[in-house]
Amino acid sequence: MLELGQKAAPAADLIKDTNEATFMADVVEASQTVPVIVDFWAPWCGPCKTLGPALEAAVTAAKGAVKMVKVNVDENQMIAGQMRIQSIPTVYAFYQGQPVDGFQGALPASEISAFVDRVIAAAGGEAPGAQLEEAVVAAEEMLEQGAAADAAETFAAILGEDPNHAAAYGGLVRAHIALGDLDQAEAILNGAPAEISTKPELEAAHAQLELARQASNAGPVAELAAAVEADPDNHQARFDLAQALHAAGQTEQAVAELLDLFRRDREWNEGAAKAQLFTIFDALKPNDPIVLNGRRKLSSMIFA
């Protein structure tokens, strides 16, 4: 299995409380070698209660690339005054004794992770997020080259580091689809964390799974094409032909048949042609020429 990251430093070394007597050592001196994030908080501050643990989680995940110091402003008013803290929570990042970044107020977890990555990068370090993105790119290349098992292993390793990594989650589903294990792909998809369940990467994986299940039941292209040629208004045959064409890797031709079906009877089978088109579009990259051309033609029919 791909090894990502390294052994985490003890939490006590990464995260600590400071006061007026130890601030210089804990922040200014410590930041000479590694960036230090300072969280100004107070027990009565509601947003501080959610921001603090989220920051600690992001710092811990960075495995020593950044440290965190917490300042209770009620107990350390001199520090708060010197730093001109106007409201809390306020967060500053120090490197080599100087503030290099910061923000006020609570942030969502994704923005906190991005902040920590930015601080690490400003100090010349490699942020865990960047490391994971490189691994995702490598796994996608494996998948494109047909090494689906290796890709699945790599995507799983990435999720071991970040269980909410949407690109890795979608990639793991697609790897199992490529391996022909559709039930496992569906189980993985159904088990996705709620925070990422509607992300585009998972929506695309869901569409690909739906198309893969259709492909397993697709009829022979030649027979269906003959049926459509014999009776161009046989909508079911045309719809089945589109599914068979897609299963055979002829996506552009499948889209053309579905557009023709929509043109002939957009309401047939409760708008099945339009729904199938959107499934195919969702399964492809948004900038794929098939998607761009298909959406343009569909829109021209809808608004004609």
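Provided above is the structure to which this section pertains.
Residues numbered from 1 in each chain as written. Predicted model: local features only at pLDDT ≥ 70, side-chain atom pairs only at ≥ 80, totals over all residues. Heavy atoms only, no water.

Engineer: I keep staring at the nonpolar core and nothing clicks. Help me out?
Structural biologist: Side chains that are nonpolar tend, in soluble globular proteins, to be buried together. With 28 residues, the main nonpolar core has Phe155, Ile158, Tyr169, Val173, Ile177 and Leu202 as its most contacted residues. Counting only elements with at least two residues in this core, the list comes to helix 6 (128-144), helix 7 (148-161), helix 8 (166-178), helix 9 (182-190) and helix 10 (200-216). Ranked by residue count, the leading element in this core is helix 8, at seven residues. Residues contacting Leu202, with those up to four places away along its chain left out, are Ala166, Tyr169, Gly170, Leu189, Ala192, Ile196 and Ser197. (Core = buried A, V, L, I, M, F, W, Y, C linked by side-chain atoms within 4.5 Å. Buried < 20%, exposed > 50% of the residue type's maximum accessible area, 1.4 Å probe, protein only. Helix = DSSP H or I, 4+ residues; strand = E, 2+ residues; numbered from the N terminus. Contact = heavy atoms within 4.5 Å.)

Engineer: In this structure, what is going on with the pairing of strand 3 (residues 67-72)? I would like to understand it.
Structural biologist: One face of the sheet, then the other: side chains in a regular strand alternate in exactly this way. Within strand 3, five of the six residues are buried, which leaves it mostly tucked inside the rest of the structure. Sheet topology note: the strand 1 (residues 15-17)/strand 3 ladder contains three bridges and is parallel. Bridge pairing in strand 3 places Ile15 opposite Met68. Where strand 2 (residues 36-41) lies against strand 3, six bridges are found, and the strand directions are parallel. (Pairing = 2+ DSSP bridges.)

Engineer: Any chance you could explain the state of the cysteines here in plain terms?
Structural biologist: By definition, a disulfide links two cysteine residues through a covalent bond between their sulfur atoms. Within the structure shown, the criterion is met by one disulfide. In this model, Cys45 is linked to Cys48 through a disulfide, with the two sulfur atoms separated by 2.3 Å. On the sign convention where negative means left-handed, the S-S torsion of about 80° between Cys45 and Cys48 marks this disulfide as right-handed. Note on Cys45: relative accessible area 3%, which makes it buried. Given the relative accessible area of 7%, Cys48 is considered buried. (Disulfide = S-S within 2.5 Å.)

Engineer: When you look at the pairing of strand 4 (residues 90-95) in this model, what are you seeing that I'm missing?
Structural biologist: Most of strand 4 is tucked away: five of the six residues are buried. Both strand 2 and strand 4 contribute to a ladder of five bridges, which runs antiparallel. Bridge pairing in strand 4 links Asp39 to Val91. When strand 4 meets strand 5 (residues 98-104), the two strands line up antiparallel, connected through six bridges. Bridge pairing in strand 5 links Tyr95 to Gln98. Here strand 4 folds back onto strand 5 in antiparallel fashion, the turn holding two residues, of which Gln96 has a positive phi close to 55°.

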